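# Reading the structure
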Amino acid sequence: VPSPTGALPQYQVSNTNQEAKGLDLEAQWQPLAELRLSFNGSYIDSTYRHAVAPSGIDISGQPVDEPRFSYTLGAGYTWHGIAGGDLALDLQYGYRGRIRCNDDSVNQGKCALATHFKLGNARQRTDLRLDWTAPGARWGVGAYVNNLFDQRYVDGINYVSALLGTPYAYITPPRMWGVEFRMKF
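In what follows, the accompanying structure is described. (Residues numbered from 1 in each chain as written. Predicted model: local features only at pLDDT ≥ 70, side-chain atom pairs only at ≥ 80, totals over all residues. Heavy atoms only, no water.)

Within a beta sheet, neighbouring strands are joined by backbone hydrogen bonds and run either parallel or antiparallel to one another. Reading across from one edge, β1-β2-β3-β4-β5-β6-β9 is the order of the seven strands in this open sheet, with antiparallel pairing throughout. Taken across any chain shown, the strands that pair with only one partner, and hence form the sheet edges, are β1 (17-32) and β9 (176-183). The average undirected angle you get between the axes of adjacent strands in this sheet is 10°. Judged from the eight bridges that link them, strand β6 (residues 139-146) and β9 form a sheet pairing that is antiparallel. (Pairing = 2+ DSSP bridges. Helix = DSSP H or I, 4+ residues; strand = E, 2+ residues; numbered from the N terminus. Axes fitted to C-alpha atoms, helices over the stretch in contact; angles between N-to-C directions.)

Take a look at the structure:
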């Protein structure tokens, strides 16, 4: 499809040669009908064999900007017969390790070696949900808190504004809570 100016559209394709070695593990266990436990974890060592980033930076031999280790732990319990329905409590904790920086991720503002902001650090987040479901699951109500402990992290910085002396940081969302009502028609 031609562009409005009549020129042919241009597409940028990024093709890299990566090497990764790692392990993924997922486990779910339900020791009681009411109790659910889960674990999902990964270890990965990933590097670029031969690659030039869209920015033109040669990142051959450098790590892919992902952490080596991350995992999620979950637990849930359901009480039956509460106000005629089921009441479920679910807790989930996630950990994501420190980002492995390369020259392009530093250029993009995902990582930085000398800055006032802590970039690429390990992250933790805990979410909590309390949910009641009516018999037959026709309707329900739930309350939740995401990022229960209000852990905040810098996702990246805008280097253009940093060069002007006023760096702009992208921050992860704060604690958020809410209530929802569901109904099946």
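Now, onward.
In this structure, Ala83 takes a positive phi of about 50° despite not being glycine. Mapping Ala83 onto the fold places it in the loop between β3 (69-82) and β4 (85-96). Since its relative accessible area comes to 70%, Ala83 is described here as exposed. For Asn147, which is not glycine, the phi torsion reads 60° and is therefore positive. Tracing the backbone through its elements, the reader meets Asn147 in the loop between β6 and β7 (154-158). (Buried < 20%, exposed > 50% of the residue type's maximum accessible area, 1.4 Å probe, protein only.)

Moving on, we come to the pattern of salt bridges. This model, assessed by the stated rule, comprises nine salt bridges. For Asp131, the salt bridge identified is with Arg129, shortest N-O distance 3.0 Å. Classification of Arg129 by relative accessible area gives partly exposed; the value is 24%. (Salt bridge = Lys/Arg side-chain N within 4 Å of Asp/Glu carboxyl O.)

Moving on to a nonpolar patch on the surface. A cluster of nonpolar side chains, contributed by Trp139, Val141, Trp177, Val179, Phe181, Met183 and Phe185, occupies part of the molecular surface with about 900 Å² of accessible area. Elements with a contribution of two residues or more to the nonpolar patch: β6 and β9. Of the residues forming the nonpolar patch, the biggest block, four residues, is contributed by β9. A relative accessible area of 33% places Val141 in the partly exposed class. (Patch = residues over 30% accessible without salt bridge, like charges linked within 9 Å, V, L, I, M, F, W, Y side chains within 5 Å. Areas by Shrake-Rupley, 256 points an atom, 1.4 Å probe, with all protein chains shown as cover.)

The next point concerns the pairing of β6. Both strand β5 (residues 123-133) and β6 contribute to a ladder of six bridges, which runs antiparallel. Pairing of Trp132 across the sheet is with Val141, part of β6. The antiparallel hairpin formed by β5 and β6 contains five residues in its connecting segment, where Gly136 sits at a positive phi of about 80°.

Take the pairing of β5 next. The pairing of β4 with β5 spans 11 bridges and is antiparallel. Within β5, the residue paired with Tyr95 across the bridge is Gln124.

One pass over the structure, following the stated rule, counts seven aromatic pairs. With 5.0 Å between their ring centres and 65° between their planes, Trp132 and Trp139 make a pair best called edge-to-face. Counting every residue linked through ring pairs, the aromatic cluster contains Phe39, Phe69, Tyr71, Tyr93 and Tyr95. (Phe/Tyr/Trp six-rings, centres within 6.5 Å; stacked < 30°, edge-to-face > 60°.)

Let us look at the side chain of Asn102. Along the chain, Asn102 turns up in the loop between β4 and α1 (103-108). Judged by relative accessible area, Asn102 falls into the buried class, the value being 4%. Of note is the side chain of Asn102, whose polar atom sits 2.9 Å from the backbone nitrogen of Asp104. Residue contacts for Asn102: discarding those within four places in its chain leaves Tyr48, Ile59, Gln62, Pro63, Val64 and Asp65. (Polar contact = N/O pair within 3.5 Å; in protein donor to acceptor, adjacent residues only side chain to side chain. Contact = heavy atoms within 4.5 Å.)

Take the environment of Met183 next. Tracing the backbone shows Met183 in strand β9. Other than its neighbours up to four places away in sequence, Met183 contacts Arg138 and Trp139.

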